[in-house]
Amino acid sequence: QVQLVQSGGGLVQPGGSLRVSCAVSGRIFSIGTMAWYRQAPGKQRELVASIASGGFTNYADSVKGRFTISRDNTRNTAFLQMSSLKPEDTAVYYCKADVITSQPPGKRDYWGQGTQVTVSS
């Protein structure tokens, strides 16, 4: 059984910073790409940032220069550091991990439970 547990998030004023974390646990053989998505009310879920196992990163244009994705492979954890936050960044943020399991053997995407990020004065 694989679990992704998110932490962090909350309420922050415009221009502020926030960090969210995503810890992967279970019978893991390896973790490939980890990514952060977000979904605002009435909108589709969108990719915010992703990071490959080797460290290659990709960002949505809307967050480039403001958000930083990173990962700690020793702790099977991904992070999203968000700075210069704007009201339009308000959404539920979800992490996703491409996990290869050993027992039973398999490969699939797993999702975190979501965490609310609200940017408001």
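Placed above this text is the structure.
Residues numbered from 1 in each chain as written. Predicted model: local features only at pLDDT ≥ 70, side-chain atom pairs only at ≥ 80, totals over all residues. Heavy atoms only, no water.

What to know about the environment of Tyr37
As for its position among the elements, Tyr37 is in strand 4 (residues 28–39). A residue is classified by how much of its surface remains accessible, and Tyr37, at 17% relative accessible area, is buried. Along the backbone, Tyr37 and Ala49 are 12 residues apart, and their C-alpha atoms lie at a distance of 7.1 Å. Apart from the residues within four sequence positions on either side, Tyr37 is in contact with Arg45, Glu46, Leu47, Val48, Val92, Tyr93, Tyr94, Lys96 and Trp111. Within the structure, the side chain of Tyr37 is placed 3.2 Å from the side chain of Lys96, a separation counted as a polar contact. (Helix = DSSP H or I, 4+ residues; strand = E, 2+ residues; numbered from the N terminus. Buried < 20%, exposed > 50% of the residue type's maximum accessible area, 1.4 Å probe, protein only. Contact = heavy atoms within 4.5 Å. Polar contact = N/O pair within 3.5 Å; in protein donor to acceptor, adjacent residues only side chain to side chain.)

A look at the pairing of strand 4
Inspection of the sheet shows strand 4 paired to strand 9 (residues 91–101) by 9 bridges, in the antiparallel sense. The residue of strand 9 that forms the bridge with Tyr37 is Tyr94. In this antiparallel pair of consecutive strands, strand 4 and strand 5 (residues 46–51), the connection spans 6 residues, and Gly42 shows a positive phi of 75 degrees. (Pairing = 2+ DSSP bridges.)

Quick word on the state of the cysteines
Following the criterion strictly, the structure yields 1 disulfide and no others. Paired by a disulfide, Cys22 and Cys95 hold their sulfur atoms 2.1 Å apart. Since a negative S-S torsion denotes a left-handed disulfide, the Cys22-Cys95 link at about 60 degrees is right-handed. Note that Cys22 is positioned in strand 3 (residues 18–25) and Cys95 in strand 9, a separation of 73 residues in sequence. Take Cys22: its relative accessible area is 0%, and that puts it in the buried class. (Disulfide = S-S within 2.5 Å.)

Concerning unusual backbone geometry
In this model, Gln103 is joined to Pro104 through a cis peptide bond whose omega is -10 degrees. Summarising the element assignment, Pro104 is placed in the loop between strand 9 and strand 10 (106–111). Not every positive phi belongs to a glycine, and Ser84 is a case in point at roughly 50 degrees. Relative to the helices and strands, Ser84 is located in the loop between strand 8 (77–82) and strand 9. With relative accessibility at 40%, the residue Ser84 sits in the partly exposed group.

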